[in-house]
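For reference, the chains in residue letters:
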Amino acid sequence: MKLLLNGALIDAQVATLADLIAIEGFGGAKVATAVNGTFIPALARVDHILSVGDAVEVLAPMQGG
Amino acid sequence: MRDFYGTALSNGLMLGTAQYPSPAILAGAFKRSGASVATVSLRRESGQDRAGQDFWQLIRDLGVHILPNTAGCHSVKEAVTTAHMAREVFDTKWIKLEVIGEEDTLQPDVFGLVDAARILTEDGFQVFPYTTEDLVVADKLLHAGCEVLMPWGAPIGSGLGLNNIFGLRAMRAHFPDVPLVIDAGLGLPSQAAAAMEMGYDAVLLNTAVAKAGDPTAMAEAFAASIKGGQLAHAADPMEPRDMASPSTPVIGKAFLE
């Protein structure tokens, strides 16, 4: 299914947000997720079903002022 | 120094983590200054290089309090969502709330700021709002549940110092029990000292240290100035006066005319 991952168009064969996190190499990483602008807690990723065209954001710690 | 949501800080230096020449220099600035708080952010992560993970380890090793920000957010929804993501990643209720309203000055959108602060405090966050020295806005932020206020000294990254001394002094006088932090705009340690002499509890800065020729030395200079300003405030400075007053006693002076 076609998705937007951090602004880039991807084609991923996944059902849930947890699947996407694992297949895209974020397993075990300190990241937070949002789908279509809504925060999805880590514990809810396994139950969050993705749909075609969803915009997924995966954010990690970064320098800030 | 007043507590920040029940947390006593060892000193009044809150230091940003962006724009340093290298991670080692960043760490050196914290070690040399003893800064008590590190501000951090969230950005898109790549599943390939996982750059954020190394940064997270570096920050954890500093052993300081973590203050995540919502930098770059321009709407209430964006700021609230970012705050929730930051709480999960950094495992802290603290959030430096920024809702930017204007691009040239990065002035906060104080209307959105109050709305976002209310939403977040009701959800258990401990909000550090980046605001202006406007007393009406400050009062609304306190009513929204904020227990700390962070007025700007000057626009972010400008290094201009304390643009409105009168307004900042009025804020200190108007809210004597509220922890106040000068957030943004400082360029020199003397400006940080001036803020602390006014009775501010801390200063938050980044660019002035990170963009100095020697960031670790500048971090130490800011720490020393903050301590000096804090000591001076506690020592109850004299009131300035317009006319001279001799410091050497006049009584007993020889008559030599």
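So, how was this worked out
Residues numbered from 1 in each chain as written. Chains lettered and ligands numbered in written order. Predicted model: local features only at pLDDT ≥ 70, side-chain atom pairs only at ≥ 80, totals over all residues. Heavy atoms only, no water. Helix = DSSP H or I, 4+ residues; strand = E, 2+ residues; numbered from the N terminus. Rg over C-alpha atoms; globule rule 2.2 N^0.38 Å. Buried < 20%, exposed > 50% of the residue type's maximum accessible area, 1.4 Å probe, protein only. Contact = heavy atoms within 4.5 Å. Areas by Shrake-Rupley, 256 points an atom, 1.4 Å probe, with all protein chains shown as cover. Lys, Arg positive; Asp, Glu negative; His and termini not counted. Charge placed at Lys NZ, Arg CZ, Asp CG, Glu CD. pLDDT = per-residue confidence, 0-100. Buried area = accessible area lost by both parts, 1.4 Å probe. Salt bridge = Lys/Arg side-chain N within 4 Å of Asp/Glu carboxyl O. Polar contact = N/O pair within 3.5 Å; in protein donor to acceptor, adjacent residues only side chain to side chain. Nonpolar A, V, L, I, M, F, W, Y, C, P; charged D, E, K, R; others polar. Phe/Tyr/Trp six-rings, centres within 6.5 Å; stacked < 30°, edge-to-face > 60°. Lys NZ or Arg CZ within 6 Å of the ring centre and 35° of its normal. Pairing = 2+ DSSP bridges. Axes fitted to C-alpha atoms, helices over the stretch in contact; angles between N-to-C directions.

A. Molecular detail of the overall build of chain B. Tallying secondary structure elements over chain B gives 9 helices and 8 strands in all. A compact globule built from 257 residues would reach a C-alpha radius of gyration of about 18 Å, and chain B, at 20 Å, matches this within 12%. In terms of its C-alpha atoms, chain B occupies a principal-axis envelope of roughly 85 × 40 × 35 Å. Here chain B, with 257 residues, has 51% of them falling under the buried criterion. For chain B, the share of sequence-separated contacts (at least 6 apart) that also reach a separation of at least 24 residues comes to 66%. Only carbon and sulfur atoms are counted for the fraction: they give 54% of the accessible area of chain B, which is about 12100 Å². Averaging the coordinates of the 19 positive side-chain charges in chain B and doing the same for the 30 negative ones gives two points 4 Å apart.

B. Quick peek at the confidence of the model for chain B. Predicted confidence across chain B gives a mean pLDDT of 96, with 100% of residues reaching 70 or more. As scored by the predictor, the complex reaches a pTM of 0.94 and an ipTM of 0.95.

C. Examining the interface of chain A and chain B more closely. Residue-level contacts link 29 residues of chain A with 30 residues of chain B. Summed over both partners, the interface of chain A with chain B buries about 2400 Å², with 58% contributed by carbon and sulfur atoms. The interface formed by chain A and chain B includes 2 salt bridges. Glu88 of chain B serves as the salt-bridge partner of Arg45 of chain A, at 3.6 Å between the closest nitrogen and oxygen. At the surface where chain A touches chain B, the tally comes to 18 residue pairs in polar contact (both at pLDDT 80 or more). Breaking the side of chain A that touches chain B down by element, the ones donating at least two residues are β3 (32-35), β4 (38-40) and β5 (55-63) of chain A. If one sorts the elements of the side of chain A that touches chain B by residue count, β5 of chain A sits on top with 7 residues. Each residue belonging to the side of chain A that touches chain B can be placed in one class, and the counts come to 13 nonpolar, 12 polar and 4 charged.

D. Layout of the pattern of salt bridges. Tallied over the full model, the rule gives 10 salt bridges over all chains. Between Asp11 of chain A and Lys2 of chain A there is a salt bridge; the shortest N-O distance is 3.8 Å. A salt bridge links Arg44 of chain B to Glu57 of chain A, with the shortest nitrogen-to-oxygen separation between them at 2.8 Å. Residue Arg44 of chain B is found in strand β2 (residues 37-44), and its partner Glu57 of chain A is found in strand β5; the two belong to separate chains. Judged by its relative accessible area of 46%, Arg44 of chain B falls in the partly exposed class. Taking relative accessible area as the criterion, Glu57 of chain A reaches 23% and is therefore assigned partly exposed. A single salt-bridge network, built from bridges that share partners, covers Arg2, Arg172 and Asp201 of chain B.

E. Representation of the packing of aromatic side chains within the structure. All names here are of chain B. A complete count under the given rule lists 4 aromatic pairs over all chains for this structure. Relative to Phe128, the ring of Tyr5 lies with its centre 5.5 Å away and its plane at 50°, an arrangement referred to as tilted. With Tyr5 in the segment before β1 (13-16) and Phe128 in strand β5 (residues 126-131), this pair connects stretches of sequence that are 123 residues apart. With a relative accessible area of 14%, Tyr5 lands in the buried category. Judged by its relative accessible area of 0%, Phe128 falls in the buried class. Among the aromatic residues, those joined into a cluster by ring pairs are Phe4, Tyr5, Trp94 and Phe128. Directly above the aromatic system of Phe125 lies the positively charged group of Arg87, at a separation of 4.0 Å from the ring centroid.

F. Focus on the sheet that holds strand β4 (residues 94-97) of chain B. Residues and elements named next belong to chain B. Strands sit in the order β4-β5-β6 across an open sheet of 3 strands; the sheet is parallel. Strands at the two margins of the open sheet, each flanked by one partner only, are β4 and β6 (150-151). In this structure, β5 lies alongside β6, joined through 2 bridges in parallel fashion. The residue bridging Tyr130 from the neighbouring strand is Met150, located in β6. Across the sheet, helix α4 (residues 110-122) is in contact with β4 and β5; its angle to β5 comes to roughly 175°.

G. Broad picture of the pairing of β3 of chain A. Residue and element names in this part refer to chain A. Here β3 shows no split at all, with Ala32 and Ala34 on one side and Thr33 and Val35 on the other all buried. Here 4 bridges tie β3 to β5, and the two strands are oriented antiparallel to one another. Note on β5: the bridge partner recorded for Thr33 is Val58. Judged from the 3 bridges that link them, β3 and β4 form a sheet pairing that is antiparallel. If you follow Thr33 over to β4, its bridge partner there is Ile40. Counting the residues between successive antiparallel strands, the hairpin from β3 to β4 contains 2 residues, one of them, Asn36, with a positive phi of roughly 55°.

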